[in-house]
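Below, each chain spelled out in residue letters.
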Amino acid sequence: MKKLYKKILTGAFILLFVFLFKLPSIDAASCRIGVSAPSSAVVGQSFKVTVTVSGSASIGSWEYTLSYDSSKVRLNSGQLHVVDYGNGSKTSASYTYSFTALTSGTATFKPVNASVLDYSSTNECLSSTGSASVSMKTRAEIEAGYSRNNNLASLSVEGAELSPSFNASTLEYSATLPVDTTKAKINATAADSTATISGTGEIDVVDGLNKIEVVVTAQHGEKKTYVINLTVEELDPINVKVGGKNYTIVRKSGQVENI
């Protein structure tokens, strides 16, 4: 009985001690170091890499060294080994670096030997460290992957019918618009979304034959020209005889006077 009584007293004492001296729980701060960079770069050109230290609460001090492969990229500016401090209100800090791509391949940037301390408790709060990779290619390698498709998917003249009917491999067409037409609207779409088109939209035209060229330029640079021989109808000509010679006068509606 005495032993049981002693155990009960000991247990009660422990519970009382925990209740009286238990410290209030404090949520631990969470910190991370992230890295951002472009997904790709051209060999011989420079690009930016940014390292950001951040926390869910104020960060007190932090340290890291930015790791990279010096055989693939060259550092132009930026401090690789960073040691810095907060002021009680700072929850993030960023550091920018400039690199030049030296060769084809992939360059990876990652902070190593990293540490971040919470400002309030001075406890380590670093929970994750990110990295970034940049795919580097020469200009020739990039252009080798460009599309060479310079075909049209459609071609039309508003208010007129093309002859022959449109076909991507047919490069010359005819069409006719009525008398007094001064503007023609040319519509076209490229077969490849990376290609560009010139010669479309609203175009000034005159009576008679108008040669309209629609040029498609592939992403790789090759050009293809589609030609529309667009005729604007004229008024019936007047035939007159002067001095024993026959003359044909082509009339335009704005130039015809009532007699």
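Here, every reference points to the structure presented above.
Asker: Describe the side chain of Ser-98, listing the residues and the values that go with them.
Answerer: Inspection of the secondary structure assignment puts Ser-98 in strand S7 (residues 92-101). Residue classification places Ser-98 among the buried positions, given a relative accessible area of 8%. Excluding its chain neighbours within four sequence positions, the residues that come into contact with Ser-98 are Ser-46, Phe-47, Lys-48, Arg-74, Leu-75, Asn-76 and Ser-77.

Asker: Any chance you could break down the pattern of salt bridges for me, citing the residues and the numbers?
Answerer: Across all of its chains, the model carries 2 salt bridges by this definition. Linking Glu-222 and Arg-148 is a salt bridge whose minimum nitrogen-to-oxygen distance equals 2.3 Å. Taken together, the positions of Glu-222 in the loop between strand S16 (208-217) and strand S17 (223-232) and Arg-148 in the loop between helix H2 (139-144) and strand S11 (152-157) put the pair 74 residues apart, joining distant regions of the chain. Between Asp-204 and Lys-183 there is a salt bridge whose closest N-O contact spans 2.4 Å. Separated by 21 residues along the polypeptide, Asp-204 in strand S15 (residues 201-204) and Lys-183 in strand S13 (residues 183-190) bring together distant segments of the chain. Residue classification places Lys-183 among the partly exposed positions, given a relative accessible area of 44%.

Asker: Can you lay out the pairing of strand S4 (residues 59-67) for me, pointing to particular residues and giving the numbers?
Answerer: Sheet topology places S4 next to strand S8 (residues 105-118); 7 bridges connect them, and they run antiparallel. Among the inter-strand pairings, Trp-62 is bridged to a residue of S8, identified as Val-116. Across 5 bridges, the pairing between S4 and strand S6 (residues 81-85) is antiparallel. From the neighbouring strand, Tyr-64 faces S6, where its bridge partner is Val-82.

Asker: Provide a residue-level description of the sheet that holds S15, including the pertinent values.
Answerer: Ordered by their spatial adjacency, 3 strands build an open sheet running S11-S13-S15, and the pairing between neighbours is antiparallel. The outermost strands of the open sheet, each flanked by one partner alone, are S11 and S15. When the angles between neighbouring strand axes are averaged without regard to direction, this sheet yields 25°. Here 5 bridges tie S11 to S13, and the two strands are oriented antiparallel to one another. Residue pairing in the sheet places Val-157 in a bridge with Ile-186 of S13.

Cut-offs applied
Residue numbers here run from 1 along each chain, matching the order of that chain's written sequence. Local features in this predicted model are restricted to residues of pLDDT 70 or higher, and side-chain atom pairs are both shown and tallied only at a pLDDT of 80 or more, whereas totals for entire chains, interfaces and linings draw on every residue. Values reported for side chains reflect all heavy atoms of the structure, with hydrogen atoms and water molecules removed beforehand. By definition, any uninterrupted DSSP run of H or I lasting at least four residues is a helix, any uninterrupted run of E lasting at least two residues is a strand, and each is numbered from the N terminus. The buried label goes to any residue with under 20% of its type's maximum accessible area, the exposed label to any with over 50%, and the partly exposed label to all in between, with areas taken from a 1.4 Å probe on protein chains only. Contacts between residues were defined by any pair of non-hydrogen atoms, one from each residue, lying within 4.5 Å. Salt-bridge detection follows one rule: a side-chain nitrogen of Lys or Arg within 4 Å of a carboxyl oxygen of Asp or Glu. What makes two strands pair is DSSP finding at least two bridges between them. Angles here are taken between N-to-C directions and fall from 0 to 180 degrees, while the axes themselves are lines fitted to C-alpha atoms, restricted in helices to the stretch in contact.

On their own, these measurements won't tell you what the molecule is for.
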